[in-house]
Amino acid sequence: MLVVVSGGIGIALGTTPPPAAPAAAPTASPTPTESTAPSTPTPAPSDSELAPDEAAAAQEAEQSLVSLVQLGNEVGADPTASLDGIEELASGFVLGEIQALAAERAQLGYTQTGEAKVTSVTVDDVDLGGRPPSLTLDVCVDVSDIDVLDADGTSLSANMYLPDTPVHHRYGAQQLDGRWKLVSHDLPDAPGACS
Amino acid sequence: MSERSEAPRLSTRRRILTALAASVAVVASTLTAPLSASAATPPDGLTSQTAAASCWEIKQSTPSAPNGVYWLVTPALVAPQQFYCDQTTDGGGWVLIGRGREGWKPQYTGLRSAVTLRNVTEGTGAFATAQLPARTVDALLNNGRVDALAEGVRIRRATNTAGTAWQEVRFRYQSRDRWVWAFGAEHRVASYSFDGLNGSGGQTNSFGADNGLRRVDTNASSAQGYVGGLAYGANVAGSTSASSYLWSKTEGAGNARPFAQMFVRPRLTTPGVSYPTIADAGAPAIERSALPESDAIPTVWGVSGFGNGKSGELNTEVQAFAQIGDTVYVGGNFRYVQRSENATGADKIEQRFLAAFDVNTGQWKPGFRPVLNNQVKALTALPDGRLAVGGMFTTANGAAQVGMAVLDPTTGANSGWQLGLEHRLTGGVAAVRGFSVEGNWLYVSGAFTHFLRNGQAISSWNGGRINATTGVPDASWNPLLNGTSVGVEASKSGDRTYFSGYFRQTGEVFTPSGTAIQTVSGAPVVQPQWTPQFSKTNAETTGNIWQLGVAETNGRVWLGGSEHSLFAYDRGTFQRQAGYITKAGGDFQAVEATDKLVFAGCHCGDWVYSNAYNWDGIGTSWTQGDKMNLFGAWDAASGAYIPDFNPIVQARAGYGAWALFQDSTGALWAGGDFSRSVRAGEVNQWSGGFIRFRARDTSAPTTPSAPAIVKDGAGAVLTWNASSDDRGVTGYEVLRNDRVIGTTTARTFTVTEAIAADRFFVRAIDAGGNRSATTAKLALPAPQPEPDPDPVAEALIASGSAWQWRYDSAPLPADWTAPGFDASSWATGDAVLGFGSAAVATDISVGAPAPRPLSAQFRRTVEVSGAAQLSGATVTVRADDGVVVYVNGQEIGRRNLPAGTLTQNSYATAAPTYGAATAAPAVFEVPPGLLVDGQNVVAVSTHLNYRSSPSVSFDLALSAQRG
């Protein structure tokens, strides 16, 4: 497994599942920006163990992931925010997650403050020969800056999962209609990969 | 009770008998046969025993019948009741079904009493609106279609404040099978007229030709304080005066509510309706189906305030119920339990989020004092008798418990195994939204991704199940819902569990807002797959789409939520079988089912449309538009909305019902932000967060015992022993010949006129409308039959009678034996007829042609009455020499004549002397039935053995036995 750290987000590209602890921790904090968009990860390096086409696929999938997380931030902050373009980032289970979140938050009147930040991405199980082509993303998301407020502005943090370390997510991505989209989502019971 | 009508009934029968006896036309067997026992007196509506089928029938039978109160009964009405009939307007025959000024209600149950309605029909005393229950209106139509009423619906309205001018309105429905008072719904009007000026179109919420007097507006507008009425258009102003016939909430406001009366004119007649036949053994009991009463139970305790300080839609005072033993637990976002609206001190106790009440008395149980730090959204009894609590809280009795706790049912302390929740998705807010127990599994819905048990996280996305004994989550059963689930229903069959909520998928399967998951390991989706449908086209993935309530009963899965829809799906195929849309508001948010009923709640206060599938345009193919006020009931077997359950309630902010629960007594607990309700007698009361509705009585009284009947003059007295009933017997119905003729609270009933053929039955009734099985038939003893009189010999033709005769050689005239033959040209003479003997009274040889004819013919007509009573009729005739006898053209016998066709020249085959023929006459039996009432003809032909025979004689007697 090759771990690449760049642009403030640790990106790991590999073909085997990540170990319980990451081979390398992020070496830099996420880059703060004025905008709500996170910094764009640097493409995978040329010395990756992945073939160039695999590295490119990983790069595209990772970009979809980062955009999706950002869209989640936007929907969390404003449930009425437009979901236009989400079909370019996600499909199936993951698409529905965002749609369901928007619908629920709109009814509940909950709003999110702060933003989730992707601190590292590890790409596994790249299978460009599959139908459709697929890969897996192990993602660490820093939620330490997040709170959710109810309609009256009261923090609901007591009901939230806010560990000291980033939260480990595992997404499946598939190349659909020429784009890499997030299609499955798991939360490993043991968060060790991001601790 | 008057029996006035009975005397003429029996008198009429006696007159008939007398007349028949006089004509000897009634055979003895008829005297003892059951007579028709129906009343002979035309239904005049003046007593319960002479109740008519309609006002119209009374008017037809008694054209001079005045306006007033009459007894009416139809098979659907079952027992006679009194109604007011307008017998003068437009030919009369109108029955009053509602009247009043402002405050007309859309509830199916009507308003105020039928007594009030019928007794006070005019004047300011009639301003307080009274409406018959819709089922009573239907019964007046004998459950006929409303849109089949020839004249439709009639409204008589005052057109000025003094009530000195009036307007007549008629309108007909486009399609309406049963009566509803929900005029504010979109019931289409086919045609209407205002004082004879015709128009068409519109809906019952507003139709007419202008915006003034020629309009009926039934909308309960905010400008009129949401007070309904049969209002005029906006250009007609009303007054706030108590005596004004045109009312408005504010002086001069348009859409005045006039004093109005509403009539229908069903043209039912007693002969045109039929009552179910009751066997001699009696009729079975009639029991009502299970349903809560629409009147609220008087409030004993309620809840109030906001435990978490928030008052929004998802923070209503009450959101969950559960029962353990005789305790009902109420959970939600309340802060206090209190006895009354303005309670203080010991009558208002701070007890946030969860409290316990006695299931029977409604009394608060102060020993149950759990301490939670946020609202409760789910409650259930665990198999071991502990209480599982779910919600938004994060501590329970001081211990960290995110979203879930298990409590001691008596004290509210934490008890036994505990676990919590984690929601690891970004921004996820962990909460439990629902519980359902099946077997030893506790199924959980909510917002979470993991159960947390003894520090170990077990993945279970937005739903899961827990071993109720050990508290261990089932790691092999992860529904993988990609959004929050709200409703959860474990099928009683144990094979599947349903979830509703915000999710779009179950794992990789598209299951928008509703899913059915097998209970086997791995939690696979049930096949065939359930893909819920929505009331807005293409709304599966966008917009305000969520489903909050789900329940299964009687082979159907009910799913309710946005947008305003409650749909029922076949359990096996998941084909949608029924649809209900609420309009104007709102979304369904609670669905609960029992074996017999489905309850659903919403933030809706207007109308629920049956067989409707789209919102907000409901189209015109829906079949019913009924009132539904924040929650309603459906029949689990048929899936039909039950309009009879129509409580009048108010909610603090209109959020409506978020929890519905039937306790062990059958009482319904409706929880939400309820603030007021109406109990029996139209009494408005405070309700704190929840309202209880007693199960209506579904048990019939016992059958009256020891029934007896004794003759009492021309009538009879019926007696019986008291019946018993779980809620009390309110009276007894006496039936005669399949129909109720009277209701009494006594245990005796006098029928002033009764005959043995009358079949009486008695049954007990209760206040809930249940009827016991009837007694077996009661009847007076049959009268002793009149002894059969000795048969009397009756001579129909005596010897020596006069006969028409001919003695001629000419051929016999055609049909000379037939009754219709004209023998007026024949001679007439008394018997004995003939010649050659001293006994001959009429010598037929005088003037006879030569040679002497070989035969002579004779005819006589005899009048017979009561022919059916005659028997043994015989003809005795001398045969000198030969003779043949015909009765009414049919030969009954011949002697000394050859077989075959006889002519005027046929010879007799023997030549007996006059003396021998007289001593041994021929006797022929007349076949039964040959003699008829009226004229009968006996025709005879005598023949000589040889032309020179010295003598011929003829005489005949016809006799019979009568009796």
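Let me sum up the structure you'll find in this document. (Residues numbered from 1 in each chain as written. Chains lettered and ligands numbered in written order. Predicted model: local features only at pLDDT ≥ 70, side-chain atom pairs only at ≥ 80, totals over all residues. Heavy atoms only, no water.)

Take the overall build of chain B next. The helix and strand inventory of chain B stands at 6 helices and 67 strands. For 963 residues, the compact-globule estimate of 2.2 N^0.38 gives 30 Å, and chain B exceeds it by more than 25% at 43 Å. Over its C-alpha atoms, taken along the principal directions, chain B stretches across nearly 145 × 70 × 55 Å. Out of the 963 residues belonging to chain B, those deemed buried represent 56%. Working note: accessible area of chain B is about 35400 Å², and carbon and sulfur atoms make up 51% of it. (Helix = DSSP H or I, 4+ residues; strand = E, 2+ residues; numbered from the N terminus. Rg over C-alpha atoms; globule rule 2.2 N^0.38 Å. Buried < 20%, exposed > 50% of the residue type's maximum accessible area, 1.4 Å probe, protein only. Areas by Shrake-Rupley, 256 points an atom, 1.4 Å probe, with all protein chains shown as cover.)

Right, let's talk about the interface of chain B and chain A for a bit. Every contact between the two is made by 37 residues of chain B and, on the other side, 35 residues of chain A. In total, chain B and chain A occlude about 2900 Å² of area from one another, counting both sides; carbon and sulfur atoms represent 55% of this. Interface area lost by chain B to chain A is led by K310, R424 and T426 of chain B, which between them contribute 23%. Here chain B is connected to chain A by 2 salt bridges. A salt bridge links K310 of chain B to D150 of chain A, with the nearest nitrogen and oxygen atoms 3.0 Å apart. In this assembly, chain B and chain A are joined by 14 residue pairs in polar contact (both at pLDDT 80 or more). Among the elements that line the side of chain B that touches chain A, the one with the most residues is strand β29 (residues 456–459) of chain B, at 3 residues. Of the residues assigned to the side of chain B that touches chain A, the class counts are 17 nonpolar, 15 polar and 5 charged. (Contact = heavy atoms within 4.5 Å. Buried area = accessible area lost by both parts, 1.4 Å probe. Salt bridge = Lys/Arg side-chain N within 4 Å of Asp/Glu carboxyl O. Polar contact = N/O pair within 3.5 Å; in protein donor to acceptor, adjacent residues only side chain to side chain. Nonpolar A, V, L, I, M, F, W, Y, C, P; charged D, E, K, R; others polar.)

Once that is clear, we can look at helix α2 (residues 92–108) of chain A. An α-helical segment advances 3.6 residues per turn. Residues three or four places apart therefore align on the same side. Residue and element names in this part refer to chain A. Across its 17 residues, α2 extends 24 Å between first and last C-alpha, which sits within 8% of the 24 Å expected from 1.5 Å per residue. Counting buried positions along α2 gives 15 out of 17 residues, so the element sits mostly inside the fold. One or two steps after α2, the chain reaches G109, where phi turns positive at roughly 80°. (Expected span 1.5 Å × (residues − 1).)

What follows deals with the packing of aromatic side chains. Residue and element names in this part refer to chain B. Under the counting rule described, the total for this entry stands at 48 aromatic pairs over all chains. On the numbers, 6.3 Å between centres and 40° between planes, the contact of F194 with F207 is tilted. Linking F194 in strand β7 (residues 189–194) with F207 in strand β9 (residues 206–208), this pair joins segments that are 13 residues apart in sequence. Per residue, the accessibility class of F194 equals that of F207, and both read buried. An angle of 15° between the planes, with centres 6.2 Å apart, marks the rings of W558 and Y580 as stacked. Linking W558 in strand β37 (residues 556–561) with Y580 in strand β39 (residues 576–583), this pair joins segments that are 22 residues apart in sequence. For the residue pair W558 and Y580, the accessibility class agrees, reading buried in each case. A connected cluster of aromatic rings, assembled from ring pairs, spans F171, Y173, Y192, F194 and F207. Looking at R154, its charged tip hangs above the ring of F263, at a distance of 4.2 Å from the centre. (Phe/Tyr/Trp six-rings, centres within 6.5 Å; stacked < 30°, edge-to-face > 60°. Lys NZ or Arg CZ within 6 Å of the ring centre and 35° of its normal.)

Every other side chain in a regular strand lies on the same face of the sheet, so the side chains alternate between the two faces. Residue and element names in this part refer to chain B. Among the 7 residues that make up strand β36 (residues 547–553), 7 are buried, leaving the element largely enclosed by the rest of the structure. For β36 and β37, the ladder comprises 6 bridges, and the chain directions are antiparallel. Across the sheet, G549 pairs through a bridge with G560, a residue of β37. Between β36 and β37, which pair antiparallel in sequence order, lie 2 residues; one of them, N554, sits at a positive phi of approximately 50°. (Pairing = 2+ DSSP bridges.)

Tallied over the full model, the rule gives 3 disulfides over all chains. Two residues, C140 of chain A and C194 of chain A, share a disulfide whose sulfurs are 1.9 Å apart. Its S-S torsion of about -90° marks the bond between C140 of chain A and C194 of chain A as left-handed, since a negative value means left-handed. Within this pair, whereas C140 of chain A is found in strand β5 (residues 134–142), its partner C194 of chain A is found in the segment after β8 (179–186), the two being separated by 54 residues in sequence. Grouping residues by exposure puts C140 of chain A and C194 of chain A together as buried. One disulfide bridge connects C55 of chain B with C85 of chain B, the sulfur atoms lying 2.0 Å from each other. Taking the sign of the torsion about the S-S bond as the criterion, the disulfide between C55 of chain B and C85 of chain B, at about -70°, is left-handed. Of this pair, C55 of chain B sits in helix α3 (residues 55–61) while C85 of chain B sits in strand β2 (residues 81–86); the two residues are 30 residues apart in sequence, bridging distant segments of the chain. Described in terms of the sequence order of its bonded cysteines, the disulfide pattern of chain B is 1-2, 3-4. (Disulfide = S-S within 2.5 Å.)

What follows deals with the pattern of salt bridges. All names here are of chain B. The full count for this structure, using the stated rule, is 42 salt bridges over all chains. Between R265 and D90 there is a salt bridge, with the nearest N and O atoms lying 3.7 Å from each other. Here D90 lies in the loop between β2 and β3 (94–100) and R265 lies in the loop between β13 (260–264) and β14 (302–304), a separation of 175 residues in the sequence. On the basis of relative accessible area, R265 is assigned to the buried category, the value being 7%. For D90, a relative accessible area of 47% gives the class partly exposed.

The next point concerns the side chain of T515 of chain B. Residue and element names in this part refer to chain B. Tracing the backbone shows T515 in strand β35 (residues 514–518). For T515, a relative accessible area of 0% translates into the label buried. There is a polar contact of 2.8 Å between the side chain of T515 and the side chain of T506. Beyond its immediate chain neighbours, meaning those up to four positions away, T515 contacts L481, T497, Y498, F499, F503, T506, V525 and W530.

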